[in-house]
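Here is how the chains run, residue by residue.
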4 protein chains.
Amino acid sequence: MRNTFGSALSVTIFGESHGGAIGVVLDGMPSGIEVDTDRISRELSLRRPSGKISTARREKDEFVIESGVFNGKTSGTPICIIIPNLDVRSEDYTAMKRAARPGHADLTAYMKYGGFEDYRGGGHFSGRITAPLVAAGALVRCALEKKGIFTATHIKSIAGISDAKFFGTAEEMAEEIKKLSDMNFPVLDDDAAKKMQEEILSASGDGDSVGGVLESVIVGMPGGVGEPWFDTLEGVIAHALFSVPAVKGVEFGDGFELSKMRGSEANDPIRSENGNFVTLTNHCGGILGGISTSAPIVVRCCVKPTATIFKKQDTVDLVSGENTEIEAKGRHDPCIVHRAAIVVNNLLPIVAADMLFQKFGADWLRA
Amino acid sequence: MRNTFGSALSVTIFGESHGGAIGVVLDGMPSGIEVDTDRISRELSLRRPSGKISTARREKDEFVIESGVFNGKTSGTPICIIIPNLDVRSEDYTAMKRAARPGHADLTAYMKYGGFEDYRGGGHFSGRITAPLVAAGALVRCALEKKGIFTATHIKSIAGISDAKFFGTAEEMAEEIKKLSDMNFPVLDDDAAKKMQEEILSASGDGDSVGGVLESVIVGMPGGVGEPWFDTLEGVIAHALFSVPAVKGVEFGDGFELSKMRGSEANDPIRSENGNFVTLTNHCGGILGGISTSAPIVVRCCVKPTATIFKKQDTVDLVSGENTEIEAKGRHDPCIVHRAAIVVNNLLPIVAADMLFQKFGADWLRA
Amino acid sequence: MRNTFGSALSVTIFGESHGGAIGVVLDGMPSGIEVDTDRISRELSLRRPSGKISTARREKDEFVIESGVFNGKTSGTPICIIIPNLDVRSEDYTAMKRAARPGHADLTAYMKYGGFEDYRGGGHFSGRITAPLVAAGALVRCALEKKGIFTATHIKSIAGISDAKFFGTAEEMAEEIKKLSDMNFPVLDDDAAKKMQEEILSASGDGDSVGGVLESVIVGMPGGVGEPWFDTLEGVIAHALFSVPAVKGVEFGDGFELSKMRGSEANDPIRSENGNFVTLTNHCGGILGGISTSAPIVVRCCVKPTATIFKKQDTVDLVSGENTEIEAKGRHDPCIVHRAAIVVNNLLPIVAADMLFQKFGADWLRA
Amino acid sequence: MRNTFGSALSVTIFGESHGGAIGVVLDGMPSGIEVDTDRISRELSLRRPSGKISTARREKDEFVIESGVFNGKTSGTPICIIIPNLDVRSEDYTAMKRAARPGHADLTAYMKYGGFEDYRGGGHFSGRITAPLVAAGALVRCALEKKGIFTATHIKSIAGISDAKFFGTAEEMAEEIKKLSDMNFPVLDDDAAKKMQEEILSASGDGDSVGGVLESVIVGMPGGVGEPWFDTLEGVIAHALFSVPAVKGVEFGDGFELSKMRGSEANDPIRSENGNFVTLTNHCGGILGGISTSAPIVVRCCVKPTATIFKKQDTVDLVSGENTEIEAKGRHDPCIVHRAAIVVNNLLPIVAADMLFQKFGADWLRA
């Protein structure tokens, strides 16, 4: 299924950057769940560009819930959330109409859709399509929080500059999780945040861009959720995260570092505590055999530097087929890592809820 | 869907390590495709343990194609491949019946299945279940090769020891791809291979285990295959690879390294060559916007060290609920990286064919 | 998947009768297909109530294509069509808030959604939700017609009054198919149509309602489309048709009559004509073994009488749990058979295209 | 998905009539469910041909559970059941190798698979493939019975001869349900059964065949199960039933008869009884708005007369493309209605369990 994702809980997305509207259909939510529209607004607001480190495009992202919510609660039917496109300046893209931006989907969109694609502002490939996903995710997230399940994401690094370590048990991370939930540049160490922003501005000044790494946790997941094959927790989470534009790698727990460790270092010892089985360390990122251990699920994804830059680059004219050069114009982000953080953080609850519904049934969420 | 994966081409797997048989149903292959049983045998043989660097369990992996093949060709109906379990020594696992192996799925299997799981030899979580996937993948792979699409996988590193670089255009890699296809320890640099094996034996001597990183390419994929959201090539490939036991990270192209690069370094310039659009470099790993560029698809996955080791570890008795210690007995691999290489290499063709069928229809494979 | 249907081509629907808007996401259409908005308007207009035989609710059904169409052609990305709800008189339903209408989904909606459902006007169960399906189907239908594949539906009977026979080869039915395509009460025999409408008005005068049978054909389907098991053409078509509110039976070819025939009567003799294999009769309705024969696909579905009637009926108060009586108020159709005809006729192309895409790839539609 | 059906509980089938084995993978069963192999044997035995009214092919249908069952209970992993093909006389089919049997899938199999299909004994289209479905269904059925959910099927008619009426509340039908469960020719009225069998033998004597209608109930389904659109109970059940070879129509409750009724006759009055909402009649067949009412689900399907007959028929030679005649040889059933009854009766529990798991989670079955 192309633009639908999920099994017991699914999202279907649609829209182009410069079309009439973008939106999402969230299907599978049980009835009777409170819908916190303020929280949805806040998450959308966190994702929106702001300041000099982001694009100058200013969308209010005012969303309309067209269906599935009745008297402030989910009715159990599909929830369609629409975000109209307002601040559209398609003329900015005229020059790009034919020159493919290197590192961007312009080239492959043309290969796939044969020139019929809506190329304005990246069309359906635009990062803007993540806004409805954030709205849907925020709705799900509020409901999961009432069941004691929280997600949090911080910027682990931008341009090689690292944030403080963010790891531990759910209890140890509780304060940081709370703090991160209100930040549109979610970094634990203020000094690191400052340096990261300097790097972004420096790249921006050069007409260039930077990338980074995000680190997320899901705390409160009960053990036993997930599948041994195919729909492993890792597989399903990664499948979702690779939809966040510019993500090119996903790792869990100690990730690629595990390749250099010995089994005796990588294995997490298990103990019985108050009748529960827990791991004393969490090298496995809360997942063994594709299934949750009840420890925090730890996942990192890398975000490549924004493809659209203001430097001159070699490329082709998609229509004439000839070699040419491109120098981007318009409004573009020199860094999307912090904005991707909000997307990732609201996408994870959708995946977590889907896996939970498969085990417990959707009505569990209301109980 | 739990044990079924794929859309236009799907695999359904079943079986436990010490049950009657393990197997796979491959569904969606068009009719009229030649089935090379020798090649299936060879791939199974490459995956099988051998020498001191692998488990002493010796399975012949004799497979039976129960359906879907008629007069040596696919008939268009589901292909069931069965591999009976023969060399089963369940008594080896008696001691482990209750003590969960740290780093293994014993703990989460218990949490999910409540003690009803077949725990012998890892049951349904056993790496042995990958054998039928290899058989199915080998079948698909032969057919793709006739269309000029090849996969190859080498061990990029084991225990931190790196192989030679394996990158380039399809033409540049042709010889290496051919060479790798017959190796059960697929490393390009013989010295590196020797050192890796020494590390494995050294860990084995300590009753310990090591991990590593695999690097794979798919060459010959036409441009325009994949989807912008959800079923991105990255997302679907990663979803599949996380089913390979012990894989904890997946990255494409320059992967996590991209997080430290600037856009001007990470973007691949595009040129027109003989009427085709090509990228001059391949930092993106042959995928932009979730869709193939026609350059080789480059994917790496990390494999954690084998969980089952012969050192004493803290754990719990799953039945009594009490703390205990475990010291593995039985036949176990001190390293599964090289065996995982064969699995990954035969899993990729299944994913590639699925994505190709979605674009061109399944009959394209026969044409 | 709850509100998503289809494999290579899918529809996702959302909306409630008295919510903000209703709509559909059509996903999987190839790029470059002309979108005939006039035709979509016309089909919506045919479905709309008119005259005394329908409800007095007057919706203009002005639709907005929010995405997936660029410069008048499909762009290859999901097509979201929104129809705002305008003529909403929720107060009509206040009295029904608690009394379940017998024969309607009020009872089971309450059982499923626990009272959180939007009960106004039937909410998500409203026949109104079929409007977006008609819009999506009309879009697909135009494209199929250019490939020589047509659907047509006539009212085979209402209240036991039968239309003329509508059967034959594609050539023999060509004129009728054309005639039916512009009718909002699609009956071949004008006398029969008149009598049917008299029956509807008679029932309406009694505060009662009537049902009927629809008969549809799909002509031009090439042979070899469909699957032998599960996704049989019959199974997939029936699955879709049972979504049309009030449909309680679906049969193909001679349908239930086949149960009284002998094999020698029911079998369709096969002949070779101009290099093609054709059946001389079409008792099987163009489908054998779940797969198309290339003869017209013939399917009938029965539509039960409208549940909402103006007679007093025994029922329960869903909130108090007590027995009560109900006498419907508001605007309701005494017969929905003719409106269901338009829905069925536009739903069939979606199913047909999905099955065709699975065989030939979606780009076949553009070729 | 071609040979996989179901969402929370799925079946994947494979095999050809004269291949190595046929089988099924049942996936999604929770762990800890007792597996009654005697019951599976018995259901397979009921489906097997016997006496003069069936084919002379004698298969013992000895099945092997290769996976997913441990110590007599489900382990929660996929259950693969294999039935080897033993009594294979492929030479009987040599004459048919090229002549398509009218009414059979020979023609469409050739159109779909291009001559590569295994044509022996109908190959993958053979009714024999229903044996593994019966085995899987019997396993599920035993588990549902422990939750008070029963299915029963009787032959409503063969060749126009009708059985006694079989309708009522769950309590009223309890005895008949029990009686039917042990019959391989499940007819309530012994006289009717005798006459039906006479008709079969009479047709058989003429080298001809007969068809019939099956009527099934599912009793004990709680209210609120199903979906308003697409995955309506009717849609999903019908989708499954059209996989039973020769089924050409499916109807629920009063089915096509509803088309002649008025709303005041067709609507089922609702009453409150002991705190539950119940319908006083059951014209709707236990389903409103696609969702269960808690009344028995009533479904009928028609089975066309067996296609393979011993009379001379016009057909084509699939390979030469020329017109020819066919006169079947080999072992064939003059009637498959009674055998289809067993298939339908064991298929319904799979669909019911899938819909129940979606609402309550799979572990509900064990609770």
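Heads up: the structure comes first, above all this text.
Quick notes on the rules
Residues numbered from 1 in each chain as written. Chains lettered and ligands numbered in written order. Predicted model: local features only at pLDDT ≥ 70, side-chain atom pairs only at ≥ 80, totals over all residues. Heavy atoms only, no water. Helix = DSSP H or I, 4+ residues; strand = E, 2+ residues; numbered from the N terminus. Rg over C-alpha atoms; globule rule 2.2 N^0.38 Å. Buried < 20%, exposed > 50% of the residue type's maximum accessible area, 1.4 Å probe, protein only. Areas by Shrake-Rupley, 256 points an atom, 1.4 Å probe, with all protein chains shown as cover. Polar contact = N/O pair within 3.5 Å; in protein donor to acceptor, adjacent residues only side chain to side chain. Pairing = 2+ DSSP bridges. Least-squares fit on C-alpha atoms with pLDDT ≥ 70 in both. Contact = heavy atoms within 4.5 Å. Buried area = accessible area lost by both parts, 1.4 Å probe. Salt bridge = Lys/Arg side-chain N within 4 Å of Asp/Glu carboxyl O. Arc of directions from axis to C-beta. Axes fitted to C-alpha atoms, helices over the stretch in contact; angles between N-to-C directions. Nonpolar A, V, L, I, M, F, W, Y, C, P; charged D, E, K, R; others polar.

When helices and strands are counted, chain A shows eight helices and 18 strands. Taken over the C-alpha trace, chain A has a radius of gyration of 21 Å; the compact-globule value for 367 residues is 21 Å, and the two agree within 12%. Viewed in the frame of its principal axes, chain A has a C-alpha envelope of about 70 × 50 × 35 Å. In chain A, which comprises 367 residues, the proportion classed as buried is 68%. When the accessible surface of chain A is summed, it comes to about 11200 Å², and 47% of that surface belongs to carbon and sulfur atoms.

What follows covers the side chain of Asn85(C). Along the chain, Asn85(C) falls in the loop between β7 (79–84) and α2 (106–113). Only 3.3 Å separates the side chain of Asn85(C) from the backbone oxygen of Ser17(C), close enough to count as a polar contact.

For the rest of this paragraph, the subject is the pairing of strand β18 (residues 323–326) of chain D. Residues and elements named next belong to chain D. Inspection of the sheet shows strand β17 (residues 313–316) paired to β18 by four bridges, in the antiparallel sense. Residue pairing across strands places Val 316 opposite Asn 323, the latter belonging to β18. Counted between consecutive antiparallel strands, the loop separating β17 from β18 contains six residues, among which Gly 321 sits at a positive phi close to 80 degrees.

What follows is about the relation of the copies chain B and chain A. Once turned by 180 degrees and shifted 0.0 Å along the axis, chain B lies on chain A with an RMSD of 0.0 Å. The relationship between the two copies is best expressed as a two-fold rotation axis. Same-surface contact between copies: 100% of interface residues of chain B are shared with the interface of chain A.

Here the focus is the interface of chain D and chain C. Facing the 105 residues of chain D at the interface are 105 residues of chain C. Between chain D and chain C, the buried area comes to about 8300 Å², and carbon and sulfur atoms account for 62% of it. Ranking the residues of chain D by area buried against chain C places Trp229(D), Phe230(D) and Lys248(D) at the top, with a combined share of 12%. Linking chain D with chain C are eight salt bridges, by the criterion used here. Summarising the sheet, strand β11 (residues 247–252) of chain C and strand β11 (residues 247–252) of chain D pair through three bridges and their orientation is antiparallel. Looking at the pairing, Val250(C) lines up with Val250(D) of β11(D).

Residue and element names in this part refer to chain A. For helix α4 (residues 170–180), the set of buried residues is Met 173, Ile 177 and Leu 180. The buried residues of α4 occupy an angular sector of 60 degrees when projected down its axis, which confines them to one face. Exposed side chains of α4 directed beyond 90 degrees from the buried face belong to Glu 171, Glu 175 and Lys 178.

Interface size is commonly expressed as the accessible surface area that is lost when the partners come together. Every contact between the two is made by 105 residues of chain B and, on the other side, 105 residues of chain A. A per-residue breakdown of the area chain B buries against chain A is headed by Trp229(B), Phe230(B) and Lys248(B), which together make up 12% of the total. In this assembly, chain B and chain A are joined by eight salt bridges. Here Arg271(A) ties to Asp314(B) by a salt bridge, and the two come within 3.9 Å at their closest N and O atoms.

A few words on the packing of helix α1 (residues 37–47) of chain D against helix α8 (residues 337–360) of chain D. Two quantities define a packed helix pair, namely the angle between the axes and the distance from one axis to the other. Residue and element names in this part refer to chain D. Viewed as axis vectors pointing N to C, α1 and α8 meet at an angle of 145 degrees, and their least axial separation amounts to 8 Å. Note on element contacts: α8 touches α1 through Arg 339, Ile 342, Val 343 and Asn 346, opposite Glu 43, Leu 46 and Arg 47. Partitioning the contact of α1 with α8 into residue classes produces three nonpolar, one polar and three charged.

Attention now goes to the pairing of strand β16 (residues 297–303) of chain D. Residues and elements named next belong to chain D. Summarising burial for β16: seven of the seven residues are buried, a large majority. Here β16 shows two buried faces, one formed by Ile 297, Val 299, Cys 301 and Val 303 and the other by Val 298, Arg 300 and Cys 302. Sheet analysis places strand β10 (residues 212–219) next to β16, joined by seven bridges and oriented antiparallel. Pairing of Val 217 across the sheet is with Val 298, part of β16. Where β11 lies against β16, five bridges are found, and the strand directions are antiparallel.

Looking now at the sheet that holds strand β11 (residues 247–252) of chain B. A sheet is described by the order of its strands in space; here 10 strands give the open sequence β9(A)-β8(A)-β10(A)-β16(A)-β11(A)-β11(B)-β16(B)-β10(B)-β8(B)-β9(B), paired in antiparallel fashion. Where the open sheet ends on each side, the last strands, each with one partner, are β9 (161–162) of chain A together with β9 (161–162) of chain B. Summarising the sheet, strand β8 (residues 150–158) of chain A and β9(A) pair through two bridges and their orientation is antiparallel. Bridge pairing in β9(A) links Ile158(A) to Ile161(A). Here helix α6 (residues 233–241) of chain B sits on the sheet in contact with β11 (247–252) of chain A together with β10 (212–219), β11 and β16 (297–303) of chain B, set at roughly 160 degrees to β11(B). In this fold helix α8 (residues 337–360) of chain B packs onto β8 (150–158), β10 and β16 of chain B, with an angle of close to 150 degrees to the strand it touches most, β8(B).

By secondary structure assignment, the location of Cys302(D) is in strand β16. The exposure class assigned to Cys302(D) is buried, which follows from its relative accessible area of 0%. Taking the C-alpha atoms as reference, Cys302(D) lies 9.1 Å from Ser157(D); in sequence the two are 145 residues apart. Setting aside residues up to four positions removed in sequence, Cys302(D) forms contacts with Gly255(C), Phe256(C), Ser259(C), Gly212(D), Val213(D), Ala246(D), Val247(D), Lys248(D) and Gly249(D).

Turning our attention to the relation of the copies chain D and chain C. With an RMSD of 0.0 Å, the fit of chain D onto chain C corresponds to turning through 180 degrees and sliding 0.0 Å along the axis. Interface overlap between copies: 100% of the residues of chain D at the interface are likewise at the interface in chain C, consistent with a symmetric, same-surface contact.

Glancing now at the pattern of salt bridges. Enumeration according to the criterion identifies 73 salt bridges over all chains in this entry. Residue Arg366(C) pairs with Asp363(C) through a salt bridge whose shortest N-O separation is 4.0 Å. By relative accessible area, Arg366(C) is classed as partly exposed at 31%. Using a relative accessible area of 27% as the deciding quantity, one classes Asp363(C) as partly exposed. Through salt bridges with shared partners, one network takes in Arg39(A), Arg42(A), Glu43(A), Arg141(A), Glu145(A) and Asp182(A).

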